[in-house]
Each structure stands twice: as structure tokens, then as C-alpha cells.
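# A look at the structure
Here is what each chain is made of, one letter per residue.
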Amino acid sequence: MATAPPTVPAVDIDAAVAFTQDLVRLRTVNAAGAAEVERPAALLVQRLFTAFGWTYDVVEVAPGRPNTVAVVEGGGGEGPTLMFEGHIDVVTEGDPADWSVDPYAALIRDGRLWGRGAADMKSGVAAMIYAVRALQLAGPFPGRIVVGVLCDEEGLMLGAKAFAASPLARSVDAVIVCEPEGYEVCTSARGGIRLRLDLHGVMAHGAMPQEARSPIVAGARVVDALAAVQTWAEERYGTHPHAGRVTVTPTVLLGGDPDQLNVIPAHGVVGVDVRTVPGTDHTELIDRVGKSACEAAAAVGVDVGLTVVDDRPAVEIAEDHPVVSALVAGHRQVHGAAPPFGAVPGTTDGTILTRDAGLPTVVYGPGGKWIAHQKDEYVEVREIGEYARVYAAAARTFLTGGAR
Ligand SMILES: [Zn+2]
């Protein structure tokens, strides 16, 4: 006789949707120098945790920038520790006139919840919280769940860095990052390196270019050299099944003054955004960019200074890791079929949790993969409930060892 499939804990979906709306209505834009970015949303989360009777810590990572982290004990004996992670800061809405809805009204229309942060990632935060609540109300479970609502993901990821350094992080066995990935279970995330190349030449009159060492000419040559580095990196690090290939993209090319067309400047800047795949040797790649840029600029007598502005590794988790298997099983329970595997095109808090604390991270959450940071951001309302149910089922499977 076949055993009945395990049931999915009953999630209060209406409450999860309403909580998403409450979060979206708070304009938690992570702008440069802004104080108290996440504070109002963090207070809302804390009120909900209190209402649930959860114990939680609030850590001010910077003034007005709290991490809110709850630990929900299962009461069902020894077991692993699973973490759900999300952020409550958002990027700017840009020009509201470009939107066809008020970006902070959290309007529900045509089955979609509209607004900045609807997908990235206030719906994910609501879904994970109500999933954990549902599992808790369904009865005791082994182990415990950490619910981490962190700050500054859209900035320097200060919240993830602070959590990774905390004693609690050392007890976490696996993390589900609830970023929008359009039904993909993302087992890898591309790495990111931001480089600044300062070009130092010699200023001269535009009529006497022989007296100059031009950072403009050097900049053009450096951009060409970067394309060659990308080709080299593609061959060297190959094509990852989900994360694709390394890209080396010039994003800044500065030099000269539009009001001084008869002057060759002394100084220029090339900015480079490098995206990497698992297996990329960042030190080797940065070295290659530096050497290639130096050679290209030296050919016209210009010196190059390289600054590594940011360096985040590509991360990966095995497709048969218990937390991945649990998510796949949960997705199958809710949707009746296995989800596709994928890769996060950029970095997430999970990147930092893996880099700094060695935590295995998988990314899976409500909302389209490409909608983040765009105008007219939305999440399909039904997805909030679907993801919450998958999270609850996956947590139960992971904590009871069902996927091993
Ligand atoms: Zn996000």
C-alpha cells in the first residue's frame, strides 16, 4: 500500500499577502548616506515576531540599520539549524512618473502586487516568515529555524557581514535565501569584482599632441584590452551549466572636459565590472586585467593604477545537498513537478554568508528573476502563498532529515 504524501503545513496566505503590502508601503530606499533606511520595516517585522511569541535579537549594524533575527525552536528534539534569509531595503524607484502605479501604494491589480520591493524582496520576507509560523503551528519539529531579516543588501551588505561574524552563524547548517528567482532553485551565484583603473598621462595642448601622453588614447586601448581579457577568461574558466561565462565589462570611461576641447587631459578613469562563475580564480583574473591594462596604456606612455573596489566570489552548493533536495521536494509537493536549477546573475547576501561564514546557501524566492530594480516592479499574488508553502514543506523535510 502506498503511503500518503506528506501534507504541506497550512500557511495563512492572506496574512502573508497583507504583510507584503505593509512592507511595500514603507519606503526603505537604500540611498547613499541615508539614515534609518530599514528601521520602519524592521519595526513592523519585530511587532509580528512579538505577536508570534518568537524570541529575536535586534542588532544595530549601523545607526538605524538593524538586523532582526529570530530563533524558532522546534521543540521536537535535536536536529539541524535551518536559516531563512531576506532583506528589507530596496533600491530607488527612480522617477515615479515612469511608473504606471504609485511605487509605494502596494496596489493589487490583475492578480499582481505592484511596488518597489514587491519582488526584491518584501514578498520573499513575508513568505518565509509565514512559512515558519505555519510549520510552528503544525506541531513540534526537530532542530530550529533562524529567521534573518537583514539590512543593507542593496548597499555593502553590512547586515550579512555582521550576521556572518555572529556566534549564531556558526550554528547554522544551511541557508535558504528568499530572493526572486522565478521558480528556479539557484544553486550558484555569479561573483562580482569592481575595479577602478586610473590612467596617469601628461597634459598638453590639443594642437601639440606630440607633447602629451594621452589617457584618452590609453583608455580606448584599455577598453580593447579588456575585451581580450574576457575572451581569455571565457576559455580559461569555461562555461558553467547555470552561471554561464565570465564577463569583463567596462562601465566607466572618463577623461577630459567637454568645455575644453583643445586640451588633452592628464588623467582618466576606466571602471570595470567583472562577473565570474564558480571556479574562477579572482586573484589571477584581477592580475590579468591589471597587466593587460598596463601594457595597453604603456604603449602610449600612460601609467595605470589599479584599485580593487569590491571583490565577491562566485558561490555554489551541490545539487544533492540536503537543503537543495528539501527545496526540490517542497516545490514538487506544491507544484507537482521538480523545479529547474539555475544561477543568480549577481550576488546576494548568500554570497557573503558563504564567503565569510562558510554557510551553504541556496536561492529561491517569489518574483520574476529580471524584474528586480526595474520600474513597475510586481509579484504575482499567488506566488506569495506558493513560495510560503514550499518553504514550509522544505523546512520540515530538511529538519526531519527527510531529504537525506
Ligand atoms: Zn534582493
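Only a predicted model underlies this, so the values are computations on that prediction, with no experimental measurement involved.

## Notes on the nonpolar core
Counting residues in each nonpolar core, the largest one holds 64 residues, and the members touching the most others are Phe-84, Ile-129, Val-147 and Tyr-391. Once residues lying within four places of it in the same chain are set aside, the contact partners of Val-147 are Phe-49, Trp-54, Thr-68, Val-69, Ala-70, Val-72, Phe-84, Met-128, Ile-129 and Val-132.

## With respect to the domain arrangement of the chain
Here the chain is partitioned into domain 1 (13–189 + 314–399) and domain 2 (191–312). Domain 1 puts 17 residues into the contact, and the matching count from domain 2 is twelve residues. For the pair domain 1 and domain 2, the two sides together bury roughly 980 Å², of which 54% comes from carbon and sulfur. Area buried by domain 1 at its contact with domain 2 is led by Ala-314, Glu-316 and Thr-347, which between them contribute 41% of it. Taken together, the links from domain 1 to domain 2 amount to five residue pairs in polar contact (both at pLDDT 80 or more). Of all the secondary-structure elements, those providing two or more residues to the side of domain 1 that touches domain 2 are strand S8 (185–189), strand S15 (315–316), strand S16 (341–344) and helix H8 (349–357). The class makeup of the residues in the side of domain 1 that touches domain 2 is seven nonpolar, seven polar and three charged.

## Section: the coordination of the zinc ion
For a metal with four donors in a tetrahedral arrangement, the ideal angle between donors is 109.5 degrees, while six donors in an octahedron ideally sit at 90 or 180 degrees. Every protein donor of the zinc ion is listed here as His-87 (NE2), Asp-120 (OD), Glu-179 (OE) and Glu-179 (OE), and their distances to the metal cover 1.8 to 2.5 Å. Metal-centred angles of 56 to 144 degrees between the four donor atoms at the zinc ion mark the site as irregular. Within one chain, the residues donating to the zinc ion are spaced in sequence as H-x32-D-x58-E. Remark: Asp-120 occurs in helix H3 (residues 118–137) and His-87 occurs in strand S3 (residues 81–87); sequence separation between them is 33 residues. We note that His-87, like Asp-120, is buried.

## Considering the sheet that holds strand S13 (residues 267–276)
Overall, antiparallel pairing links the four strands, which are arranged S11-S13-S9-S14 in an open sheet. The two strands at the open ends of the sheet, each matched to only one other strand, are strand S11 (247–255) and strand S14 (303–312). Strand-to-strand twist in this sheet, taken as the mean axis angle between neighbours without regard to direction, amounts to 15 degrees. Pairing between strand S9 (residues 191–200) and S14: nine bridges, direction antiparallel. Residue pairing for S14: Gly-192 is matched across the bridge by Arg-312. The strands touched by helix H6 (residues 282–298) within the sheet are S9, S13 and S14, with S14 carrying the most contacts at an inclination of about 155 degrees.

The rules behind these values
- Positions within a chain are numbered from 1, following the residues in the order the chain's sequence is written.
- Where local features are concerned, this predicted model is filtered to residues with pLDDT of at least 70; where side-chain atom pairs are given and counted, the filter is 80 or more; whole-chain, interface and lining totals use all residues.
- Hydrogen atoms and water are omitted, and side-chain values are computed over all heavy atoms in the structure.
- In plain words, nonpolar cores are sets of buried Ala, Val, Leu, Ile, Met, Phe, Trp, Tyr and Cys residues tied together by side-chain atoms within 4.5 Å.
- Here's how the labels work: a residue is buried when its accessible area is under 20% of the maximum for its type, exposed when over 50%, partly exposed in between, all with a 1.4 Å probe on protein chains only.
- Residue contacts are counted whenever heavy atoms from the two residues lie within 4.5 Å of one another.
- What fixes the domain bounds is an automatic or database domain assignment.
- Two parts lose some accessible area (1.4 Å probe) when they are put together, and adding that loss for both gives the buried area.
- Pairs of N or O atoms are called polar contacts if they sit within 3.5 Å, as long as, within protein, a hydrogen donor faces a hydrogen acceptor (for residues adjacent in sequence, only side-chain-to-side-chain pairs).
- Elements are defined by DSSP. Helices are runs of H or I of four residues or more, strands are runs of E of two residues or more, and each kind is numbered from the N terminus.
- Asp, Glu, Lys and Arg are counted as charged, while Ala, Val, Leu, Ile, Met, Phe, Trp, Tyr, Cys and Pro are counted as nonpolar; the rest, among them Gly, fall into the polar class.
- For Na, K and Ca the donor cut-off is 3.2 Å, while for other metals it is 2.8 Å, and in both cases only N, O and S atoms qualify; water is not among them, so sites may look incomplete.
- The geometry test gives tetrahedral to four donors whose angles all lie between 85 and 135 degrees, gives square planar to four donors and octahedral to six donors whose opposite members are over 155 degrees apart with all other angles between 65 and 115, and gives irregular to the rest.
- Paired strands, in this sense, are two strands between which DSSP finds at least two bridges.
- The convention used is that axes are lines fitted to C-alpha atoms, helices contributing only their stretch in contact, and that angles between N-to-C directions extend from 0 to 180 degrees.

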